[in-house]
Amino acid sequence: RITTFVPILNAESSENITKIAAGPIKKKSTYDGDQVLRVFTVNSKHRKKVKEIERDGKGQRWGSNTTSVDLYVKKEKVEEVKGALEKASMDFRVLIDDVQQAVDDENPPITSEELNEFTSRKGHRLTFDHYHRMADVHGFLDYFASIKSDFVSVHTIGQSVEGRPIKLIKISSGYPNASAFWIDGGTHAREWITVATVSYIINELIENRDSLDRELQAIDFYIVPIMNPDGYEYSHEQERLWRKNRRRNFGAYCVGTDLNRNWGYEWGGQGSGKYPCQETYGGSGPLSEPETRAVADFILQRANKFKGFVTFHSYGQYILYPWGYAKRQPADAEDMDRVGRIAAAAMKQSGGASYSVGNSAALLYAASGGADDWAKGAAKIKYSYTIELRDNGRYGFILPASYIKTSGKEAFAAVRAIAKEAI
Ligand code: ARG
Ligand code: ZN
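None of these values were measured; they are calculated from a predicted model. (Residues numbered from 1 in each chain as written. Chains lettered and ligands numbered in written order. Predicted model: local features only at pLDDT ≥ 70, side-chain atom pairs only at ≥ 80, totals over all residues.)

1. A few points about the sheet that holds strand E7 (residues 180–184)
Argument step 1. An order of E5-E6-E8-E7-E9-E12-E10-E11 is seen for the eight strands of this open sheet, with the pairing classed as mixed. Here the strands that pair on one side only, and so sit at the sheet edges, are strand E5 (152–159) and strand E11 (356–359). The sheet shows a mean angle of 20° between the axes of neighbouring strands, taken without regard to direction.
Argument step 2. Pairing of E7 with strand E9 (residues 306–314), which is carried by five bridges, proceeds in the parallel orientation. (Pairing = 2+ DSSP bridges. Helix = DSSP H or I, 4+ residues; strand = E, 2+ residues; numbered from the N terminus. Axes fitted to C-alpha atoms, helices over the stretch in contact; angles between N-to-C directions.)

Below you can see the structure in the form of structure tokens.
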């Protein structure tokens, strides 16, 4: 069962090794002096003002809830936007005072000690101290399929717009009629912490299998760490803050569909953009994108096995349940809330952060075409959650890599709690 395994690094030159988890790529500093502001919106006049700023292209929404909106503002507009907010007597504070600085600091270069460890020990390149490129994450999956082939397998379930593989790892219980549990990350390109956290969970489920509860060992886990490989790679190479996939939209200059507006349940409703230049563009139709389609087809082929579904996003520290398409509670809202609270308590108990639990449209905003709604509404997977990982806004999407282990630990606690309840 332990097949002969040749560590990939041994055969390679030291030149290749330095590519491991390369730090911030030095390219032109596009985010110099850009800021992120948290704007408090206590009434509809305030919300209107923020919408106006967005509409005029002076600020972009990074996130929002019922009391505030985080606005990303380019350097050239910072004074103007702050002036406009003051004039409207609106409260705000600066979350990030230089986005480029945050980008430069988030992913430190690999140390020589780590390099040595790699050359001597590992058969894959992934660490939990750095954010890694797709090849390292996928290599990590393949490594497990190779050395743990008795219960781990890797499947390419489809291809992205640009032809990259959508890789899924199955961690098998070994039981033919086992319940199944879904986990994914990396839907939104810039939410790097979700890819690292899901990788951490995979590592726990495999390497620490013996300390896992028996009931959890009896589950088949199906996990896709990078739902949007094109966007993920693009966010490493070109635009750190890229969100969508890389669809070339027909007849439009703007690229990309928001994969979390593209799912086929109540598609195209509130909170979903109709135009390709919007960050929340829902695509040309439900499941129009190969990335969502691949996963939908895969799940529907075995939908009745699935008892739970968790899709990871960032940021905000929320455990969200359907519906997201409108301010509407599911019939089992009470039970969804109960299990969400158990998960939040488990996260805290593990030494983690505080997560708020609630219906996603009520706690944040309505957004249709989300994966969670599809899983519950179309695939009929009852325990369907979106977990918005750290942080609370201090770093937002640019969460330093030093948080990966903390995030992984608390997220794993949440998964264990939800999975236990779900089965
Ligand atoms: N931040 C996520 C997004 O905007 C939240 C999704 C919650 N689910 C939903 N169906 N709206 O995509
Ligand atoms: Zn997201």
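2. Comments concerning the site of ligand 1
Argument step 1. Taken together, Asn 260, His 313, Leu 320, Gly 324, Ser 360, Ala 367, Gly 370, Asp 372, Asp 373 and Thr 386 make up the full set of residues adjacent to ligand 1.
Argument step 2. Taken together, the residues of the shell around ligand 1 break down into two nonpolar, six polar and two charged. (Near = placed C-beta within 6 Å. Nonpolar A, V, L, I, M, F, W, Y, C, P; charged D, E, K, R; others polar.)

3. Things to note about the environment of Gly 251
Argument step 1. Position of Gly 251 relative to the elements: it lies in the loop between helix H9 (229–237) and helix H10 (290–300).
Argument step 2. Classification of Gly 251 by C-beta neighbours within 10 Å gives exposed; the count is 5.
Argument step 3. Separated by 180 residues in sequence, Gly 251 and Leu 71 have C-alpha atoms that sit 29 Å apart. (Buried ≥ 20, exposed ≤ 12 C-beta atoms within 10 Å, placed from the backbone.)

4. A few points about the confidence of the model for the protein chain
Argument step 1. The pLDDT averaged across the protein chain works out to 93; a share of 93% of its residues lies at or above 70.
Argument step 2. Low confidence marks residues 1–22, where pLDDT is under 50. Its contacts with residues over four positions away, or in another chain, come to 29 contacts.
Argument step 3. Overall fold confidence (pTM) sits at 0.93, and the ipTM for the predicted complex is 0.98. (pLDDT = per-residue confidence, 0-100. Contact = placed C-beta atoms within 7 Å.)

5. Brief notes about the UniProt feature "active site" (unreviewed entry) in the protein chain
Argument step 1. Under the present numbering, the feature "active site" (unreviewed entry) in UniProt falls on Glu 388.
Argument step 2. Assignment of secondary structure puts Glu 388 in strand E12 (residues 383–389).
Argument step 3. In this structure Glu 388 comes out as buried when scored by C-beta crowding, with 21 C-beta atoms within 10 Å.
Argument step 4. Leave out the neighbours within four places in its chain, and Glu 388 touches His 313, Ser 314, Tyr 315, Gly 316, Gln 317, Tyr 318 and Leu 320. (UniProt positions renumbered as here; feature names shortened; annotations may be inferred.)

6. Focus: the sheet that holds strand E3 (residues 68–73)
Argument step 1. If you trace the four strands from one edge of the open sheet to the other, you get E2-E3-E1-E4, paired in antiparallel fashion. This sheet does not close on itself; its edge strands, each paired only once, are strand E2 (60–64) and strand E4 (92–96). Averaged over all pairs of adjacent strands, the angle between their axes in this sheet comes to 30°, without regard to strand direction.
Argument step 2. The pairing of E2 with E3 spans four bridges and is antiparallel. Looking at E3, one finds that Ser 64 is bridged to Val 69.
Argument step 3. Across the face of the sheet, helix H2 (residues 44–55) comes into contact with strand E1 (35–40), E2 and E3 while running at roughly 25° to E3.

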